[in-house]
Amino acid sequence: MAASAPTEHKPARRWHIVVFLAPAVLVYTAIMIIPLFSTLFQSLFNTVDGERAFVGLGNFITLFFDPRWAQSFWNALANNFWFFVIHMIVQNPIGVLLAAILSNPNLRLRGFYRTAIFIPTILSFVIVGFVWKLILSPLWGIAPNMLDAIGLRSLFSPWLGQEGAALTTLALVSVWQFVGIPMMLIYAALLSIPDEVIEAAEIDGVTGAKQFFKIQLPLILPTIGIISILTFVGNFNAFDLIYVSQGAQAGPNGSTDILGTLLYRTFFGFQLQQGDPNMGSAIATMMFLIILVGVSIYLFGIQTRLRRYQF
Amino acid sequence: MISKSRLLCTSAGLALALTATPLLAQDVTLTIESWRNDDLTIWQNTLIPAFEEANPGITLNFAPTAPTEYNAALNAKLDAGSAGDLITCRPFDASLALFEAGYLAPLDDLEGISNFSDVAKSAWNTDDGSTPFCVPMASVIHGFIYNADAFAELGLEEPTTEEEFFAVLDAIKEDGTYIPLAIGAVDQWESASMGYHNIGPAYWAGEEGRLALISGEAKFTDEEWTEPLRVLARWGEYAGDGYLAQTYPDSQNLFTLGRAAIFPAGSWEIALFEEQADFELGAFPPPVPAEGDTCYISDHNDIGIGMNAATEHPEEARAFLNWVASAEFASLYANALPGFFGLSSDPVTIENELANEFVSWRETCESTIRPTYAILSRGTPNLENDNWLHASNVLAGTETPEEAAAAIQSGLESWYTPGMFDE
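The structure presented is a predicted model; accordingly, all values stated were derived computationally and were not measured.

## Some remarks on the UniProt feature "domain: ABC transmembrane type-1" (unreviewed entry) in chain A
Logical step 1: Per the UniProt entry, the sites bearing "domain: ABC transmembrane type-1" (unreviewed entry) are residues 77-300 of chain A in this numbering.
Logical step 2: Measuring from the first to the last C-alpha atom of residues 77-300 of chain A gives 23 Å, for a span that is 73% helix and 2% strand.

Structure representation (structure tokens):
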């Protein structure tokens, strides 16, 4: 008993921190960090004459300077940017607009609209891809008939089969699916604006659209920033929707090929094409770097400049 | 307590069963990997019961994956060591790569393998022909299936030449009741397999052209390889509204619902079409370029089955493979799946009329296999996948046949030099 007395003066070891952190750290390390680093590591190897060999940046040199690989890679990257741009210029403004409408206290059936718009987000990509493929099918789809009913049948074309239209169509399908998320986040941000601020604005004669742009929008900018970065990460990791609706070849003629589908085809192979895990890892590494750079630009370049208003 | 001791007993029994299998002849379950998910019912109702009855103690579990995902899924499972005991083999290079990687067991000492001719074995053999690694199961034949009622109604006859073929299409188009040709450009394999590889052999003279391509004497840009692309490009105007976004199942439905008159087909369609179409079906072989030319058919070794080299039950797996090589299996399979023609040397009576029509072309036409499978499919970009892409571009009218031919050829040349795989 006497021996234990001096230890009481030492600061208590806070073992509980280790204990409570351990599961998350272990799981996260095992399923995220180790695979990430082994992917980065794997991209530095390749099979040379049947043997696994260290090739340094060889795979990246192939990816950027072999005309075929470079063509596929830049095509996928450009498509990925277009996919992201469509989300930014369509999904987020619509999300803001919907949130602004929903936050109007005079709106009836608010809960119903909110749920209806949010429901697609919980659907599986497989269902969304399949349903939209059916809707847009020139043979059985309802889109041609609906356009026909309002006399606009001539506007319809087999969008998913046209090089120029397929990617934009799929991006809009994805927007349709996910517009509920920015809507909900912005809605929550709008609700958190104190009534006093709005009242003060009204007393100053700032109302309607002016009120929205002058008062509410600056207050929800940090939320829009977060949404943009989530959209960016989501879009550059996208794969499912394209794979479900256009197949791993991302047709027509590679026009819907994004980094995710390119990675899948390269890593696992497709039909008679043998998979090449090393080149696949190189592409995965590029995806990781692009997302890392994008997120960093946002965090250090934009997020730090956004003023947060504390109420 | 009771449940716990029972659990102990079971696990002890299981451990015993695992270690003492050969001695006690305990029940063994063999899992079959396959891409033929369409065949699930046939395996479960016909093939598996027949085998299990003849081989007590072995149960089979047929576990198919979707066709386009099969290779990727299988490779991943083999790498991870979780693949089934029996592996359904794609023909030629894809399976050869698995064999060379040590995933498929050599079968040169399997008794049943002697039931097959060299041609039948060629799809699952090493380049020197010494070591087969899959038992050949079936080949498929390409041609055209048509709506015989529609032909009768419009007073049309089976075309034999390219000219007659387009005359028939024109007549159907003019009448307007039917879409002349059920083909879509969006599922790219359809354009290559049902289009280019279907009609092409008549232009590149089958095996002769295919081997010339491998030896480097012929190129895709040569006249005999470009001309079928030009013919394919003309198909677009007969394919009906929206064929750019028409998938392969769409094409099947268009045909079986009686909206399209001719379906560029593989014989694997027979079972499904006979089940779904409520009109009379007919079939004709790919038309020849000019009257009196030799006709060629794509009689493609399509499906084989091999043994996972890492299987825990090699004896049982070999027993199954021997059964697959038997006349009993050949007959069961050919009749359960009309349109998949057994490759065994034993003669098999096929009861299905349409299937017999297809197989009868073997007597009047020269057989060949798809040119993009053997030897030329080993590199990147993959020739078969490139062929899909450019054939569908041609069908969709977004690329000229000449551009497509040049693109396919330059893709091949970027990694292939004739003779590079010769010993």
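## Observations concerning the interface of chain B and chain A
Logical step 1: Each partner contributes residues to the interface: chain B has 39 residues there, and chain A has 26 residues.
Logical step 2: When the two sides are added together, the surface that chain B and chain A hide from each other amounts to roughly 2,800 Å², 54% of it contributed by carbon and sulfur.
Logical step 3: Across the contact surface, chain B and chain A share 1 salt bridge.
Logical step 4: Put simply, D241 of chain B and R153 of chain A hold a salt bridge, and the shortest N to O gap is 3.4 Å.
Logical step 5: On inspection of chain B and its partner chain A, the count reaches 10 residue pairs in polar contact (both at pLDDT 80 or more).

## A look at the state of the cysteines
Residue and element names in this part refer to chain B.
Logical step 1: With the rule as written, the count across this model stands at 2 disulfides over all chains.
Logical step 2: Across the disulfide from C89 sits C134; the S-S distance is 2.0 Å. One quick way to see it: the torsion about the S-S bond of C89 and C134 is about -75°, and its sign makes the bridge left-handed. Of this pair, C89 sits in strand β3 (residues 86-89) while C134 sits in strand β4 (residues 134-147), placing them 45 residues apart in sequence. Across the pair, C134 and C89 agree in class, each one buried.
Logical step 3: The partner cysteine of C295 in its disulfide is C365, sulfur to sulfur 1.7 Å. Because the sign of the S-S torsion sets the handedness, a value of about -90° for the bond joining C295 and C365 places this disulfide among the left-handed ones. Here C365 lies in the loop between α17 (353-364) and β10 (366-368) and C295 lies in the loop between β7 (281-284) and β8 (296-307), a separation of 70 residues in the sequence.
Logical step 4: C365 gets classed as buried once you look at its relative accessible area, which sits at 6%.

## Here we look at the domain arrangement of chain B
All names here are of chain B.
Logical step 1: Here chain B is described as being made up of domain 1 (26-139 + 300-352) and domain 2 (141-299 + 366-413).
Logical step 2: Here the C-alpha centre of domain 2 lies 29 Å away from the C-alpha centre of domain 1.
Logical step 3: Residue-level contacts link 13 residues of domain 1 with 17 residues of domain 2.
Logical step 4: For domain 1, the biggest contributors to the area lost against domain 2 are F92, D93 and H300; these three give 45% of the whole.
Logical step 5: On inspection of domain 1 and its partner domain 2, the count reaches 2 salt bridges.
Logical step 6: A salt bridge links R378 to D93; the shortest N-O distance between them is 3.2 Å.
Logical step 7: Among the secondary structure elements, those contributing two or more residues to the side of domain 1 that touches domain 2 are α5 (93-100) and β8.
Logical step 8: Of the residues that constitute the side of domain 1 that touches domain 2, the class distribution is 6 nonpolar, 5 polar and 2 charged.

## Here we look at the pattern of salt bridges
Logical step 1: By the definition in use, this model includes 15 salt bridges over all chains.
Logical step 2: The closest approach of N and O atoms between D257 of chain A and R265 of chain A, which form a salt bridge, is 2.9 Å.
Logical step 3: Given a relative accessible area of 3%, D257 of chain A falls into the buried group.
Logical step 4: Here R378 of chain B makes a salt bridge to D127 of chain B, at a shortest N to O gap of 2.9 Å. Linking R378 of chain B in the loop between β10 and α18 (383-396) with D127 of chain B in the loop between α6 (118-121) and β4, this pair joins segments that are 251 residues apart in sequence.
Logical step 5: Looking at D127 of chain B, the relative accessible area reads 47%, which means it is partly exposed.

## Section: the UniProt feature "transmembrane region" (unreviewed entry) in chain A
Residue and element names in this part refer to chain A.
Logical step 1: In the UniProt entry, the feature "transmembrane region" (unreviewed entry) is given for residues 15-41, 82-103, 115-135, 165-191, 212-233 and 282-301.
Logical step 2: Across residues 82-103 one finds 95% helix and 0% strand; the C-alpha atoms that close the span lie 31 Å apart.
Logical step 3: Helix makes up 100% of residues 212-233 and strand 0%, whereas the separation of the span's terminal C-alpha atoms amounts to 28 Å.

## Details of the packing of aromatic side chains
All names here are of chain B.
Logical step 1: Per the stated rule, a full pass over the model turns up 51 aromatic pairs over all chains.
Logical step 2: For the ring pair F165 and W235, a centre distance of 6.1 Å and an interplane angle of 50° mean the geometry is tilted. With F165 in helix α8 (residues 162-175) and W235 in helix α12 (residues 223-235), this residue pair connects regions lying 70 residues apart in the sequence. Of the two residues examined, F165 and W235, each falls in the buried class.
Logical step 3: Taken together, the ring pairs in this structure connect W43, F51, F62, F320, W323, F329, Y333 and F340 into an aromatic cluster.
Logical step 4: The residue whose ring lies beneath R90 is W35, and the NZ or CZ to ring-centre distance is 4.2 Å.
Logical step 5: Directly above the aromatic system of F166 lies the positively charged group of R234, at a separation of 3.6 Å from the ring centroid.

## Overview of the domain arrangement of chain A
All names here are of chain A.
Logical step 1: Entries for chain A in the domain assignment read domain 1 (23-52) and domain 2 (57-307).
Logical step 2: Put simply, the middle of domain 1 and the middle of domain 2, counted by C-alpha atoms, are 29 Å apart.
Logical step 3: Tallying the contact residues gives 10 residues for domain 1 and 12 residues for domain 2.
Logical step 4: In this assembly, domain 1 packs against domain 2 so that about 810 Å² is buried in total across both faces, 53% of it on carbon and sulfur atoms.
Logical step 5: Of all residues in domain 1, Q42, S43 and N46 give up the largest surface area on contact with domain 2, accounting jointly for 51% of the area buried on that side.
Logical step 6: Scanning the region where domain 1 abuts domain 2 turns up 0 salt bridges.
Logical step 7: For the pair domain 1 and domain 2, the interface holds 6 residue pairs in polar contact (both at pLDDT 80 or more).
Logical step 8: For the side of domain 1 that touches domain 2, the secondary-structure elements that each account for two or more residues are α1 (15-42) and β1 (45-48).
Logical step 9: Element by element, the count of residues in the side of domain 1 that touches domain 2 is highest for α1, at 4 residues.
Logical step 10: Along the lines of polarity and charge, the residues of the side of domain 1 that touches domain 2 split into 4 nonpolar, 5 polar and 1 charged.

What counts, and at which threshold
- Residues numbered from 1 in each chain as written.
- Chains lettered and ligands numbered in written order.
- Predicted model: local features only at pLDDT ≥ 70, side-chain atom pairs only at ≥ 80, totals over all residues.
- Heavy atoms only, no water.
- UniProt positions renumbered as here; feature names shortened; annotations may be inferred.
- Helix = DSSP H or I, 4+ residues; strand = E, 2+ residues; numbered from the N terminus.
- Contact = heavy atoms within 4.5 Å.
- Buried area = accessible area lost by both parts, 1.4 Å probe.
- Salt bridge = Lys/Arg side-chain N within 4 Å of Asp/Glu carboxyl O.
- Polar contact = N/O pair within 3.5 Å; in protein donor to acceptor, adjacent residues only side chain to side chain.
- Disulfide = S-S within 2.5 Å.
- Buried < 20%, exposed > 50% of the residue type's maximum accessible area, 1.4 Å probe, protein only.
- Domains from an automatic or database assignment.
- Nonpolar A, V, L, I, M, F, W, Y, C, P; charged D, E, K, R; others polar.
- Phe/Tyr/Trp six-rings, centres within 6.5 Å; stacked < 30°, edge-to-face > 60°.
- Lys NZ or Arg CZ within 6 Å of the ring centre and 35° of its normal.

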